Amino acid sequence: MKPYKVILIILAVLVVDQAVKIWVKTHMLMGEEIAITSFWRLHFTENPGMAFGMVLPGVSGKLFLSLFRLAAVVGGGWYVVHLLRTKAHWGFTVACSLILAGAIGNMIDGAFYGMIFSDSYGGSLSHMFPKGGGYAGFLQGHVVDMMWFPLFHGFFPSWMPIWGGEYFEFFRPVFNVADSAITSGVFVILIFQKYFFVEDTKKEQETTTVLTHEEQHLMTS
């Protein structure tokens, strides 16, 4: 796969991800919803921690999470370059590129959004580059989430253990374009992994066969 195609994939994800986040951040109030369809809504929320709202306590926890994201991006970038150099299967390279793009997108939020946006929790719209400075320092920003797909909801049967009679909603988590890219990349790898690595398996078998023939030739000579 050509390197420029990987760059285009990553840039496309980042442009869409950041454009949607900036629009939501500057045009919607915290908690505001816009119905796109009956099952798809834009719901503005911010995630100060990891996936599904898990938070590491304190400023140190936030810094650790941001540095972890940065390390993941560096490692992911190195791995994608490695795939290009070794001419790995194009599908696997695309999937890893999607994961890398998503990681970069969320890292940008955590690293820079605190410095370039005003707070969204004051009941007013957020602004870019406010005069008084942003709502947090470097590596302490919140990730902007907005994609919500409440496909169906209801109550668990009363006879069900633990959750009997409780209200449920599917799909409850709110996420963003970067999260979608990461999830898509992971699913593609899980579904097509045998197809992606079949060429490597054939090469190993061919190498083993060649070595076996050479060993037999040495033994008979």
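To start, this report covers the structure provided alongside it.

Thresholds, definitions, all that
- Residues numbered from 1 in each chain as written.
- Predicted model: local features only at pLDDT ≥ 70, side-chain atom pairs only at ≥ 80, totals over all residues.
- Heavy atoms only, no water.
- Buried < 20%, exposed > 50% of the residue type's maximum accessible area, 1.4 Å probe, protein only.
- Helix = DSSP H or I, 4+ residues; strand = E, 2+ residues; numbered from the N terminus.
- Pairing = 2+ DSSP bridges.
- Axes fitted to C-alpha atoms, helices over the stretch in contact; angles between N-to-C directions.
- Contact = heavy atoms within 4.5 Å.
- Phe/Tyr/Trp six-rings, centres within 6.5 Å; stacked < 30°, edge-to-face > 60°.
- Polar contact = N/O pair within 3.5 Å; in protein donor to acceptor, adjacent residues only side chain to side chain.

## Considering the pairing of strand 2 (residues 41-47)
Move 1: Most of strand 2 is tucked away, with five of its seven residues classed as buried.
Move 2: With three bridges joining them, strand 1 (residues 33-35) and strand 2 adopt antiparallel strand pairing. The residue bridging E33 from the neighbouring strand is H43, located in strand 2.
Move 3: A loop of five residues connects strand 1 with strand 2, the two strands running antiparallel in sequence.
Move 4: The pairing of strand 2 with strand 3 (residues 143-148) spans five bridges and is classified as antiparallel. The residue bridging R41 from the neighbouring strand is W148, located in strand 3.

## Things to note about the sheet that holds strand 2
Move 1: Spatially, three strands are ordered 1-2-3 in an open sheet, and the strand pairing comes out antiparallel. Each of the sheet's edge strands pairs with one partner strand only, and the pair in question is strand 1 and strand 3. Neighbour to neighbour, the strand axes of the sheet diverge by 25° on average, direction disregarded.
Move 2: On top of the sheet, helix 1 (residues 3-27) reaches strand 1, strand 2 and strand 3; it is set at about 95° to strand 3, its chief contact.

## Section: the packing of aromatic side chains
Move 1: Summed over the entire model, instances satisfying the criterion amount to 15 aromatic pairs.
Move 2: Ring centres 4.8 Å apart and planes at 65° place the aromatic pair Y113 and F117 in the edge-to-face group.
Move 3: What makes F117 buried here is its relative accessible area of 0%.
Move 4: With centroids separated by 6.2 Å and ring planes inclined at 40°, the aromatic side chains of F192 and F196 adopt a geometry described as tilted. Of the two residues, F192 and F196 are both situated in helix 4 (residues 177-196); the distance of four residues between them amounts to about one turn of the helix.
Move 5: An aromatic cluster of at least three residues, connected via ring pairs, comprises W40, F149, F152, F156, W163, F168, F170, F171 and F175.

## Quick notes on the side chain of D17
Move 1: Residue placement: D17 occurs in helix 1.
Move 2: Beyond its immediate sequence surroundings of up to four residues, D17 is in contact with G105, N176, V177 and A178.

## Quick word on unusual backbone geometry
Move 1: Backbone torsion omega between F170 and F171 reads 15°, so that peptide bond is classified as cis.
Move 2: With respect to the helices, strands and loops of the structure, F171 is situated in the loop between strand 5 (167-170) and helix 4.
Move 3: Phi at K87 is positive, roughly 55°, even though this residue is not glycine.
Move 4: One can find K87 in the loop between helix 2 (58-85) and helix 3 (90-116).
Move 5: Positioned with a positive phi, I162 is a non-glycine residue whose angle comes to about 70°.
Move 6: By the element assignment, I162 lies in the loop between strand 4 (152-155) and strand 5.
Move 7: Judged by relative accessible area, which is 70%, I162 ranks as exposed.

## A word on the environment of H43
Move 1: Mapping H43 onto the fold places it in strand 2.
Move 2: Along the backbone, H43 and M146 are 103 residues apart, and their C-alpha atoms lie at a distance of 4.7 Å.
Move 3: Each residue touching H43, except ones within four places of it in the same chain, is listed here: G31, E32, E33, D145, M146, W148 and V174.
Move 4: Side-chain polar atoms of H43 contact the side chain of E33, separated by 2.9 Å.

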